[in-house]
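Summary of structural features
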Amino acid sequence: MALSSPISPSFLGNPSSLPGANRNAKTIVVSNQISNNWVSKIRPFCPPNPFCSIDFSSHSRRRNLSMNKIVASVTSADVLLDEAVEKSQLPKGDMWSIHKFGGTCVGTSDRIRNVAEIIVKDESEKKLVVVSAMSKVTDMMYDLIHRAESRDDSYVTALDAVLEKHKQTALDLLGGDDLASFLSRLHDDINNLKAMLRAIYIAGHATESFSDFVVGHGELWSAQMLAALVRKSGVDCNWMDTRKVLIVNPTGSNQVDPDYLESGKRLEKWYSESPSETIIATGFIASTPQDIPTTLKRDGSDFSAAIMGALFKAHQVTIWTDVDGVYSADPRKVSEAVILKTLSYQEAWEMSYFGANVLHPRTIIPVMRYGIPIIIRNIFNLSAPGTMICRSAEYENENAWNLESSVKGFATIDNLALVNVEGTGMAGVPGTASGIFGAVKDVGANVIMISQASSEHSVCFAVPEKEVKAVAQALESRFRQALDAGRLSQVAVIPNCSILAAVGQKMASTPGVSATLFNALAKANINVRAIAQGCSEYNITVVVRREDCIKALRAVHSRFYLSRTTIAMGIIGPGLIGGTLLDQLRDQAAVLKEKFNIDLRVMGITGSRKMLLSDKGIDLSRWRELKIEEGERAEMEKFVQHVHWNHFIPNTVLVDCTADSYVASHYYEWLRRGIHVVTPNKKANSGPLEQYLKLRALQRQSYTHYFYEATVGAGLPIISTLQGLRETGDKILKIEGIFSGTLSFIFNNFTGSRAFSEVVKEAKEAGYTEPDPRDDLSGTDVARKVIILARESGLRLELSDIPVESLVPEPLRASASAEEFMQQLPQYDQDWAKKRQLTEESGEVLRYVGVVDVVKQKGTVELHKYSKDHPFAQLSGSDNIIAFTTERYRNQPLIIRGPGAGAEVTAGGVFSDILRLASYLGAPS
């Protein structure tokens, strides 16, 4: 090292560590003072400040003579070293493997032991290990600077805490001469730091060079301790202060460019002096061409490892961290993000730029030159293979061509604002874009994304939200004349934005990626504010509202990585029908996922009193027990919020299995929020006409679906048949049917000499009726089905427009309870027997029917007589039957017949609607 070079912090006050110096020399001893030679290099970086004029001259004179001796020693060593470099050959190539261990990996003495064990077990012929400072130490060092700048005396005790942390770690790891040597260096370094911090304290300011010198000590200490520990295992090992090897040129913008040629020369020199099978190198720190200490800035240790990989032409660089690899999306936002086995350099670069926790983009540049793969591995899970970042050719045959493998990952950037400059005067005018981005550059803002339509009418770009005010002011100032003249109409700022980027090298050769991406966003009800895509097609970038960002991320990730139709479900009303539905879902979910790629996940179940919530899906084999054990007080808004937002699934459906008007009143709001609704509840579609029309209008205007097949025919396809007839151009003339399975059972069995009350009692005991049979006998339920079909047919009728013949005797309608009603009903058996007798004498049967007469625009519910050869007379059990008379089916009506009552068939009808929703969302048919 030339005399004019600054003295490295690792040997400040320790002449024995100078290359070629007399190990017994006692000449340079610095305790509470700093080497004058080193200060002469740092002094130009001091700010104009009277406190910066520190007199080191007397100390310098006292050691002049001794320094001259060292000059001769160092100079002669340099000459010998130059000759040695000419003769030496630094071994390079596949024999070298590079490892990098971050601060978390060396955060404690136990973790440092673990790192040493991994190094010793690595069977590579030669290895270089880049190590960061112990966890939190770099932050502690920055805090020291901040305290000293603030003239806060507590920097002294804070520095003592740094000393104690490393002293205790060394005592735990080392012993004998290794321990004594390290502690001696540690105390020397701490003394030098005290002097440096005292100077910063006096000046009230730290230059960048001062700061870089201070913060780099953490790496020096961790590298020395790890090297000593590896040597204890009998491995040939030396440690490297990379400030003697890595030379970088500051480029501004908080970045540096490596000088590979000079660094290579210095590496040759270093290795000729300290050849070793294993090298422990400091990460993060380097030197300028003037030998002034500096750092590689944030993520610098990764960068150090990549540079070393390039200098040694190693066969791979392994970055050890605390995650299993690179995820397809941020796992904190998408809980089902997957570990990617491979990424191309370009994919990793793109994902890093857009905020993914992969590597800093510059880390990839050195290894790309030589095609050196980078492997991201988890030091706490050695069984995980990690993620390999390499040339695309090395994995392009890994997956067969398909849409899913074309997109590797998704990343987001938050806290952005869009700036839109528009005006007719921009079109065809050279220099407009240059003026716009020149103004942005002048205020030092970072442009994240640019989008411009081919019409040149507007230019839109994204900048960090904290910079947008300055950008807008600069643009308005630059284009004031154009704005006043009307050539530019506005400089508009759209705040609260986020960027979502889809990244994949195969996107360019895979048709349909963009369509799939935007379709997923549309179905999740996400509005896209701006779009950008380069011709390389490595990424597609969209700008969305900040509040939609996580939902958008989950939507697109779900589309490319989960089942095509993964649906989050909330079940409202786990009673007879709801409970049966849950059991059907339990029995069929695995088959649907395996054979039809439909992934249904029940995220919540709520009754009127208690609800059960889950972030990943409720175990349906135990939902009843879980609801008792883990259920909480039911709260509808919290329930809906959880099912819709608090998970990674973009498609949400709420299944209302109640008959509650209050629940039905929420449908409009749910649909407006992008939540699909499936229900057998008749209250919404048979309620006030205005609300019904509003609900259906919203449904038609959005991608949100509302299915209610089970409201009329339980599991029978009545609604879908009616809709199909109308959509294909058929004209409905009349709909007539037995819509109540309960009343169908009663009149199918009200034959011979059986009493009417006896049949009603049998129906109640069989579970066909409501708890109070009057709810069935009143005809209100049938009237609701009639009004639903009337409205589906295009009639605008209210429920009150439907005349209903009630089967409940007038005196019994006010009975206090169902039991009292059943006790008094036999009093009217004689009346019913007479009706039956008269009907049978005329060769007919009694049937309770609902009729929609589209031609006359009316509906009725009544007890009607039919000849014994009529289809309605052929029913048995609780079957329903519906006849559609249309222009196509005028002479012979279209008949639908089947079970129309019971929990199994009703739940089956609801289940069918859920699968219909899945089909609409893209499930294979």
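Residues numbered from 1 in each chain as written. Predicted model: local features only at pLDDT ≥ 70, side-chain atom pairs only at ≥ 80, totals over all residues. Heavy atoms only, no water.

Re the pattern of salt bridges
Throughout the structure, instances matching the rule amount to 41 salt bridges. Residues participating in the shared-partner salt-bridge network are Glu-336, Lys-593, Asp-599 and Arg-601. (Salt bridge = Lys/Arg side-chain N within 4 Å of Asp/Glu carboxyl O.)

Observations regarding the sheet that holds strand S18 (residues 539-545)
Taken in spatial order, the 6 strands make up an open sheet running S14-S15-S13-S16-S18-S17, and their pairing is antiparallel. Both edges of this open sheet fall to strand S14 (449-452) and strand S17 (528-533), since each of them pairs with a single strand only. Strand-to-strand twist of the sheet, defined as the mean angle between neighbouring strand axes without regard to direction, takes the value 30°. Here helix H18 (residues 513-523) sits on the sheet and contacts strand S13 (409-422), strand S16 (490-503), S17 and S18; the angle it forms with S18, its principal contact strand, is near 15°. The sheet strands contacting helix H19 (residues 549-561) are S13, S16 and S18, and the helix crosses S13 at an angle near 130°. (Pairing = 2+ DSSP bridges. Helix = DSSP H or I, 4+ residues; strand = E, 2+ residues; numbered from the N terminus. Axes fitted to C-alpha atoms, helices over the stretch in contact; angles between N-to-C directions. Contact = heavy atoms within 4.5 Å.)

Observations concerning the side chain of Arg-266
With respect to the helices and strands, Arg-266 occurs in helix H10 (residues 260-273). A distance of 2.7 Å separates a polar atom in the side chain of Arg-266 from a polar atom in the side chain of Asp-291. Apart from the residues lying within four places of it in its own chain, the contact partners of Arg-266 are Lys-244, Val-245, Ile-247, Pro-289 and Asp-291. (Polar contact = N/O pair within 3.5 Å; in protein donor to acceptor, adjacent residues only side chain to side chain.)

A look at the sheet that holds strand S28 (residues 858-867)
Overall, antiparallel pairing links the 5 strands, which are arranged S28-S27-S26-S29-S30 in an open sheet. Sheet topology places S28 and strand S30 (894-899) at the edges, where each strand pairs with a single neighbour. Within this sheet the neighbouring strands show an average axis-to-axis angle of 20°, counted without direction. Strand direction decides the pairing type here: strand S27 (residues 844-853) and S28, joined by 10 bridges, are antiparallel.

Comments concerning the environment of Leu-795
By the secondary structure assignment, Leu-795 is in the loop between helix H31 (780-792) and helix H32 (818-824). According to the relative accessible area criterion, Leu-795 is buried, its value standing at 7%. Once the C-alpha coordinates of Leu-795 and Gly-859 are considered, the two residues, 64 residues apart in sequence, prove to be 9.6 Å apart. Among residues more than four places away in sequence, those in contact with Leu-795 are Ala-790, Val-852, Asp-853, Val-854, Gln-857 and Lys-858. (Buried < 20%, exposed > 50% of the residue type's maximum accessible area, 1.4 Å probe, protein only.)

Topic: the packing of aromatic side chains
By the definition in use, this model includes 17 aromatic pairs. Ring geometry for Trp-96 against Tyr-271: centres 6.2 Å apart, planes inclined by 75°, an arrangement best described as edge-to-face. Of the two residues, Trp-96 sits in strand S1 (residues 96-101) while Tyr-271 sits in helix H10, which places them 175 residues apart along the sequence. Each member of the pair, Trp-96 as well as Tyr-271, is classed as buried. (Phe/Tyr/Trp six-rings, centres within 6.5 Å; stacked < 30°, edge-to-face > 60°.)

Notes on helix H25 (residues 689-701)
With 13 residues, H25 extends 18 Å between its outermost C-alpha atoms, agreeing within 8% with the 18 Å of an ideal straight helix rising 1.5 Å per residue. The complete set of buried residues in H25 reads Leu-689, Tyr-692, Leu-695, Arg-696, Leu-698 and Gln-699. The inward-facing, buried residues of H25 abut helix H24 (667-672), strand S25 (706-707), helix H27 (718-727) and H31. (Expected span 1.5 Å × (residues − 1).)

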